[in-house]
Amino acid sequence: MGLATPALAGPKAARRSPKFNHVSPARETRELEFDLDKLSCLTQRPQEFLIRSSWFKRGSADEIVKGRATFQRAVTYRTEQYGYFRGFGKPAMNAHAPGHYARKTTFFGHSIVLHEKAIPALKCVEKALRESGKAKDYKIGGIGGLRFHNTYHGGEVSNHVYGLAIDIDSDRNTCCGCVGNWSKHPLCRRKGSVFNRTALPPTWVDTFENHGFYWLGHDPMEDTMHFEFLGDPDKVLAKDAKTEKPEKSEKSAKTDDGAEATTEE
Ligand SMILES: [Zn+2]
């Protein structure tokens, strides 16, 4: 029985390799932009069963089995909602890979490629930060989104491959529980609250979490650069809102693509 499920070895095994090349988005990735003023955003918290700490239960065998089942439920959900990534779920669950749904957008002026269903949520975060005056609490240097390869080990799959995750300034917001150079960052020597070990302010984390994003700074891994959209994509915007901007012409979109930003990782 155990052989039928991926070997989930627990949080400690799920470490990312410290260095890898970011795959630049395909040239033909279309844009998806919204007019922030016209966005009608709802708030929601991340869905519990999608949070990775729900999958690694300590204690009784029952708890461990339950955790694995939750992981499988999360894989099925992500495959059906966001695309089939090889090795996780089944091709029959979704005719397309996540890259099929990838769109280019901006977050505080920085270009990013994400799943089209996650983009409205990110735009709502930007709108909320701007309107509350909390935007000034942090200035972004660089961001990364969709990846085409899995950077997790130990049978897990990164939400970056589904286009659901965003990394913000990996040089200032490190991952003290990760392998390699990440954990050697000077900030990792600081004790106490995780906010002592990251540049990101609580105001930003709270705002992300109010729009369905989970912050991996709360995870034992302390991947503080990383937010992932674990909300319900159907509950991001008020139903009657039609706020999407028309796509730019093919020509101008391609011009922008040439100088695509890459993540620091
Ligand atoms: Zn990340």
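Everything numeric here is computed off the predicted structure, so don't read it as measured data. (Residues numbered from 1 in each chain as written. Predicted model: local features only at pLDDT ≥ 70, side-chain atom pairs only at ≥ 80, totals over all residues.)

To continue, consider the overall build of the protein chain. Regarding its fold elements, the protein chain presents four helices and six strands. Helices (α) and strands (β) of the protein chain occur, in sequence order from the N terminus, as α-β-β-α-β-β-α-β-β-α. Relative to its 265 residues, the protein chain shows a buried fraction of 40%. Taking contacts inside the protein chain between residues at least 6 apart in sequence as the whole, the part at least 24 apart equals 70%. (Helix = DSSP H or I, 4+ residues; strand = E, 2+ residues; numbered from the N terminus. Buried ≥ 20, exposed ≤ 12 C-beta atoms within 10 Å, placed from the backbone. Contact = placed C-beta atoms within 7 Å.)

Time to look at the nonpolar core. Burial of nonpolar side chains together is a common tendency in soluble globular proteins. Counting 53 residues, the largest nonpolar core has Ala121, Val125 and Phe213 as the members making the most contacts within it. Of all elements in the fold, only helix H1 (61-82), strand E2 (110-115), helix H2 (119-132), strand E4 (165-168), helix H3 (202-209), strand E5 (213-215) and strand E6 (226-229) reach the threshold of two or more residues within this core. At seven residues, H2 tops the list of elements feeding residues into this core. Residues in contact with Ala121, not counting those within four places in the same chain, are His211, Gly212, Phe213, Phe229, Gly231 and Val236. (Core = buried A, V, L, I, M, F, W, Y, C linked by C-beta atoms within 7 Å.)

Let us look at the pairing of strand E1 (residues 102-107). On a regular strand, each side chain points to the face opposite its neighbour's, so the side chains alternate between the two faces of the sheet. Two strands pair when backbone bridges link them, and E1 and E2 are joined in this way by six bridges, in the antiparallel orientation. Counted as the bridge partner of Ala102 is His115 from E2. Between E1 and E2, which follow one another and run antiparallel, lie two residues, and Phe108 among them has a positive phi close to 50 degrees. (Pairing = 2+ DSSP bridges.)

Pairing is antiparallel in the open sheet, where four strands are placed in the order E3-E4-E6-E5. Of all the strands in the sheet, the pair left with one neighbour each is strand E3 (143-144) and E5. The pairing of E5 with E6 spans three bridges and is antiparallel. Bridged to Trp215 within E6 is Phe227. Here H3 sits on the sheet and contacts E5 and E6; the angle it forms with E5, its principal contact strand, is near 140 degrees. (Axes fitted to C-alpha atoms, helices over the stretch in contact; angles between N-to-C directions.)

We now examine the pairing of E6. Residues His226 and Glu228 point to one face of E6 and Phe227 and Phe229 to the other, with burial holding for every one of them. As paired strands, E4 and E6 are joined by three bridges and run antiparallel to one another. If you follow Ile166 over to E6, its bridge partner there is Phe227.

What follows concerns the confidence of the model for the protein chain. The predicted model of the protein chain has a mean per-residue pLDDT of 85, with 80% of residues at 70 or higher. Per-residue pLDDT stays below 50 along residues 17-25; that stretch engages in 25 contacts with residues further than four places along the chain or on separate chains. Note on residues 249-265: pLDDT under 50 across the span, and 27 contacts to partners over four residues away in sequence or across chains. (pLDDT = per-residue confidence, 0-100.)

Below, the discussion takes up unusual backbone geometry. The general pattern is negative phi for most residues beyond glycine and trans for most peptide bonds. Positive phi, close to 50 degrees, is recorded for Phe108, a residue that is not glycine. Along the chain, Phe108 turns up in the loop between E1 and E2. The exposure class assigned to Phe108 is partly exposed, which follows from the 15 C-beta atoms found within 10 Å. In the Ramachandran plot, Asp169 falls in the positive-phi region, its phi being about 45 degrees despite a non-glycine side chain. Assignment of secondary structure puts Asp169 in the loop between E4 and H3.

Turning to H1, a few remarks are in order. A turn of α-helix holds 3.6 residues, and therefore any two residues three or four places apart point the same way. Here H1 spans 31 Å end to end across 22 residues, near enough to the 32 Å set by a 1.5 Å rise per residue. Listing the buried residues of H1 in full gives Phe71, Ala74, Val75, Arg78, Thr79 and Tyr82. Take H1 and look down its axis: the buried residues cluster within an arc of 130 degrees, on one side only. The exposed set on the far side of H1, more than 90 degrees from its buried face, consists of Asp62 and Glu80. Along its buried surface, H1 packs onto E2. Once H1 ends, the next one or two residues include Gly83, with phi positive near 130 degrees. (Expected span 1.5 Å × (residues − 1). Arc of directions from axis to C-beta.)

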